[in-house]
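Summary of structural features
Spelled out from the first residue to the last, the chains are:
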Amino acid sequence: MTPTAPRPRLKTRFKPARLKLSSDHSKRPLDRLSLHDQLVARVREMIVDGELAAGAALPERMLCETFGVSRTPLREAFKILAAEGLIELRPHRTPVVTPIDAREIAEIFDVMVSLDATAGRAAAARATADDLARLDAMHAELVALHRVAERAAYFRLNQQIHAEITKLAGNAVLLNMWSTLHASVFRARAVANYDARRWDESIGEHEAFMALLRARDGDGFAEALSEHTRKTGDSVLQMLDQARLDPAKDG
């Protein structure tokens, strides 16, 4: 009988060691996420601060060269900014900074005035001592940022304070409605701080409604908070109207 030829051994394509993630590899997704977060924050700041004007094109190649990144993290950042309503993604066309619709902004602020009144009344009733201490610390930082004219940081913290108050109301439906509407006026709301007089008024209004919250004056806090939002809306619309009449002042 002819001896059977030995079967060739199948070679394993990947060695088991290659399937193990080293501690160095495990850090890479975090680095990538950090880069993505930085891109979102930087482009958002450029839009909110008016460095990128409404309707401005956002060419990928130019931005990739500016930030020293590839197109993949930039496109991921674009998706987040589009969800926030800051940019428009157009099939087979260059993304643009979303134009601001003044009429829509006015209607949204009308609703937010009512939502803030409801949220403020509930928050004053539900806030714990720890909640008040946390808000007080945020408010103190806000005052400090206003004092040194750190506009971008002030705006971000300002929005966090308003969001925190709405969360304290303990109503998920209210929070969802507020968050959705807030995202729609996020950029337009920032322009109110370009007016130095309004910025000074705004921090004074924060001081006033925080005092009412500490005193557990639910009705007073609700009224002051909603009036603050109404005045902010009026200021935003006034500045949008000025930009419309004098485009040279826009951005």
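Summarised in this report is the structure supplied together with it. (Residues numbered from 1 in each chain as written. Predicted model: local features only at pLDDT ≥ 70, side-chain atom pairs only at ≥ 80, totals over all residues. Heavy atoms only, no water.)

Our focus in this paragraph is helix H6 (residues 129–147). The periodicity of an α-helix, 3.6 residues per turn, causes residues three or four positions apart to be oriented the same way. With 19 residues, H6 should cover 27 Å at 1.5 Å per step; its first-to-last C-alpha distance of 27 Å lies within 8% of that length. For H6, every residue scored as buried is listed here: Asp-131, Leu-132, Leu-135, Met-138, His-139, Leu-142, Val-143, Leu-145 and His-146. Along H6, the residues classed as buried sweep out an arc of 160° about the axis, all on the same side. Facing away from the buried side of H6 by more than 90 degrees, the exposed set consists of Ala-129, Asp-130 and Arg-147. Buried residues along H6 sit against helix H5 (102–126), helix H7 (151–168) and helix H9 (196–214). Looking one or two residues past H6, Ala-149 carries a phi angle of roughly 60°, positive in sign. (Helix = DSSP H or I, 4+ residues; strand = E, 2+ residues; numbered from the N terminus. Expected span 1.5 Å × (residues − 1). Buried < 20%, exposed > 50% of the residue type's maximum accessible area, 1.4 Å probe, protein only. Arc of directions from axis to C-beta. Contact = heavy atoms within 4.5 Å.)

Take Thr-98: it is sitting in the loop between strand E2 (96–97) and H5. A polar atom in the side chain of Thr-98 sits 3.2 Å from the backbone nitrogen of Ile-87. Apart from residues lying up to four places away in sequence, Thr-98 is in contact with Ala-54, Gly-55, Gly-85, Leu-86, Ile-87, Glu-88 and Arg-187. (Polar contact = N/O pair within 3.5 Å; in protein donor to acceptor, adjacent residues only side chain to side chain.)

Empty space within the second largest pocket amounts to approximately 260 Å³. Forming the walls of the second largest pocket are 13 residues, and the residues nearest its centre are Arg-44, Ala-152, Phe-155, Arg-156 and Phe-186. Of all the elements in the fold, those that place two or more residues in the lining of the second largest pocket are helix H2 (28–48), H7 and helix H8 (172–190). For the lining of the second largest pocket, the leading source of residues is H7, giving six residues. (1 Å grid on protein atoms, 1.4 Å probe; cavity = no way out; pocket = protein on both sides within 12 Å on 5 of 7 lines; lining within 4 Å. Points joined across faces, edges and corners; volume = space filled by probe spheres on them.)

Before going further, it helps to examine the packing of H5 against H7. The interhelical angle for the contact between H5 and H7, taken along N-to-C directions, is 70°, at an axis separation of 7 Å. One finds that H5 runs roughly perpendicular with respect to H7. Contacts between H5 and H7 pair Ala-119, Ala-122, Ala-123 and Arg-126 from the former with Ile-165, Thr-166 and Leu-168 from the latter. Of the residues contributing to the contact of H5 with H7, the split by class is five nonpolar, one polar and one charged. (Axes fitted to C-alpha atoms, helices over the stretch in contact; angles between N-to-C directions. Parallel < 35°, antiparallel > 145°, perpendicular 65-115°, else oblique. Nonpolar A, V, L, I, M, F, W, Y, C, P; charged D, E, K, R; others polar.)

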